[in-house]
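This is what each chain is made of:
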Amino acid sequence: MAIISSQSGKTPDRSRPQRRTDDANSSADSSDASARRSSSGNNRLLRPQANSNEDLAVEDTGSPSDASLRPQSLSDYIGQRELKEVLGIAISAAQARSEPLDHLMFYGPPGLGKTTVCAALAYEMGVKMHMTSAPALEGAKDIAGYLVNLKLGDILFIDEIHRLPKVTEEMLYPAMEDYRLDITVGKGRSARVTSLKLPRFTLVGATTKVGALTAPLRDRFGLVQRLRFYETEELVDIVLRTGRLLETPVDRQGAIEIARRSRGTPRIANRLFKRVRDYAQVKSNGAIDANIAATALELFNVDPLGLDWTDRKLLKMMIENFDGGPVGLDTMAAATGEDSQTIEEVYEPYLLQIGFLQRTARGRVVTAAALQHLGYEVNLPLNLW
């Protein structure tokens, strides 16, 4: 009896906290409900809405404003005049024959708009674009999943296509030429190959290293086009368009300040514009002019030619420590604390492009243009040979 009485005596103790929790939950529910009622009339952003342009903005993973920066049609695409002319002919011919586009390859430095061009092609042809990257296609089942879901005329875009695994690349050969997917079923002696017929589609590949592509894959593309760096005037138009889309006032002189520091790359131009927009919003009235743009970009260590802090550090190290060169790549890496591959692939290309650096048989050499830009005496002895 004592045990039964003890258990019955503990039962109310356990129920009391439960009632308090229930009361707290009901109170929280009532407060949440009141908060929802009070905000339902003012906050319409919580209601889901369908986005009809979702398929065309497949690369953008950020905010809707980021996705809206990508032009949808070739007419809205700024720059690359020769490329647009070639693609316009290909689109008109394909539409006249009621056929899909031939397979295309775009190559060039990053940030020049290879994915944007592909999205514009899908828009012009009125088809859907399926996008993936080569490192994601590790096995045969990965590429097969994309191929079997394609419809007539659809575009399959593969970014960094030079990194395709060998097995995946070989599966693309019959798919590109004969629109056929060969699948091996079983193992050993009982293995057999089953072929699935694919609809006619367009494969668009993008790469920053066209030389790394194998010849069999490269030769299967009917059209291979290179994207070039943008002129300053083209970047000015891009910055002005970005200002209109992001509803940020920017005059032409402010756009010029941003464009000439963008290294000929639209992606960098849009990135710098957003940083200048932040500065103008906090330090000024939100409008961007030449003075605001120059002050903001100096704060972010971007000089009038687009050199950042690391670029200038690299050049100054070569001038002050090694009389301008020649300097070996490993020596440059040790002196600056940067990885040699990072120097060679990230910093050197632009310095070579604008003529601030030269490669010789003995190493890297700083040019007179770099000396003048950094404020050194041009007659500084340089060991050019």
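Everything below is about the structure shown above.
What comes next is a walk through the structure.

Before going further, it helps to spend a moment on the sheet that holds strand β2 (residues 129-133). Here we have five strands laid out as an open sheet, ordered β2-β3-β6-β1-β7, and parallel in their pairing. Since the sheet does not close on itself, it has two edges, and those belong to β2 and β7 (223-226), each with one partner. Adjacent strand axes in the sheet meet at a mean angle of 15°, parallel and antiparallel pairs treated alike. Contacts from helix α4 (residues 114-125) reach β1 (104-107), β2, β3 (155-159) and β6 (202-207) within the one sheet, and its direction differs from that of β3 by about 175°.

Once that is clear, we can look at the nonpolar core. One finds Leu87, Phe106, Leu121, Ile258, Val276 and Ile288 to be the most contacted residues of the largest nonpolar core, which totals 48 residues. Not counting chain neighbours up to four residues away, the residues in contact with Val276 comprise Ile258, Ile288, Ile292, Ala293, Ala296 and Leu297. Listed in part, the 24 residues of the second largest apolar core include Ile143, Ile158, Leu164 and Phe221.

Our next topic: the layout of surface pockets. Quantified by volume, the largest pocket comes out at close to 790 Å³. Around the largest pocket, the lining comprises 26 residues; the ones closest to its centre are Pro109, Pro110, Glu345, Val346 and Pro349. The element that contributes the greatest number of residues to the lining of the largest pocket is helix α14 (residues 340-353), accounting for six residues. Looking at the lining of the largest pocket residue by residue, the class counts come to 12 nonpolar, six polar and eight charged.

Here we come to helix α9 (residues 252-259). Residues of α9 that are buried: Gly254, Ala255, Glu257, Ile258 and Ala259. Of the surrounding elements, those touching the buried residues of α9 are α8 (232-245), α10 (266-283) and α11 (290-299).

Now for helix α3 (residues 81-97). The periodicity of an α-helix, 3.6 residues per turn, causes residues three or four places apart in sequence to face the same way. Between its first and last C-alpha, α3 extends 25 Å over 17 residues, near the 24 Å set by a 1.5 Å rise per residue. Turning to α3, its buried residues number three or more, namely Leu83, Leu87, Ile91 and Ala94. For α3, the arc enclosing every buried residue in end-on projection is 70°, short of the 170-degree limit, so these residues lie on one face. Opposite the packed face of α3, turned more than 90 degrees from it, sit the exposed residues Arg81, Glu85, Ile89, Ala96 and Arg97. Against the buried residues of α3 lie β1, α4 and β7. Phi for Ser98, located one or two positions after α3, is positive at around 55°.

Right, let's get into unusual backbone geometry. The phi torsion at Gln80 lies on the positive side, around 55°, for a residue other than glycine. Secondary-structure assignment places Gln80 in the loop between α2 (64-68) and α3. For Gln80, a relative accessible area of 2% translates into the label buried. The phi dihedral of Asn301 falls on the positive side, at around 60°, and the residue is not glycine. Relative to the assigned elements, Asn301 resides in the loop between α11 and α12 (309-322). Exposure remark for Asn301: the relative accessible area of 36% places this residue in the partly exposed category.

This brings us to the packing of aromatic side chains. This structure, assessed with the given rule, holds one aromatic pair. Where Tyr179 meets Phe201, the ring centres are 5.8 Å apart and the plane angle is 85°; that geometry is what we call edge-to-face. On the criterion of sequence distance, the pair formed by Tyr179 in the loop between α6 (166-177) and β4 (180-185) and Phe201 in the loop between β5 (192-197) and β6 is long-range, its members being 22 residues apart. What makes Phe201 buried here is its relative accessible area of 1%. Here the guanidinium or amino end of Arg220 rests over the ring plane of Tyr173, the centre of that ring lying 4.1 Å away.

Conventions and cut-offs
Residues numbered from 1 in each chain as written. Predicted model: local features only at pLDDT ≥ 70, side-chain atom pairs only at ≥ 80, totals over all residues. Heavy atoms only, no water. Pairing = 2+ DSSP bridges. Helix = DSSP H or I, 4+ residues; strand = E, 2+ residues; numbered from the N terminus. Axes fitted to C-alpha atoms, helices over the stretch in contact; angles between N-to-C directions. Contact = heavy atoms within 4.5 Å. Core = buried A, V, L, I, M, F, W, Y, C linked by side-chain atoms within 4.5 Å. Buried < 20%, exposed > 50% of the residue type's maximum accessible area, 1.4 Å probe, protein only. 1 Å grid on protein atoms, 1.4 Å probe; cavity = no way out; pocket = protein on both sides within 12 Å on 5 of 7 lines; lining within 4 Å. Points joined across faces, edges and corners; volume = space filled by probe spheres on them. Nonpolar A, V, L, I, M, F, W, Y, C, P; charged D, E, K, R; others polar. Expected span 1.5 Å × (residues − 1). Arc of directions from axis to C-beta. Phe/Tyr/Trp six-rings, centres within 6.5 Å; stacked < 30°, edge-to-face > 60°. Lys NZ or Arg CZ within 6 Å of the ring centre and 35° of its normal.

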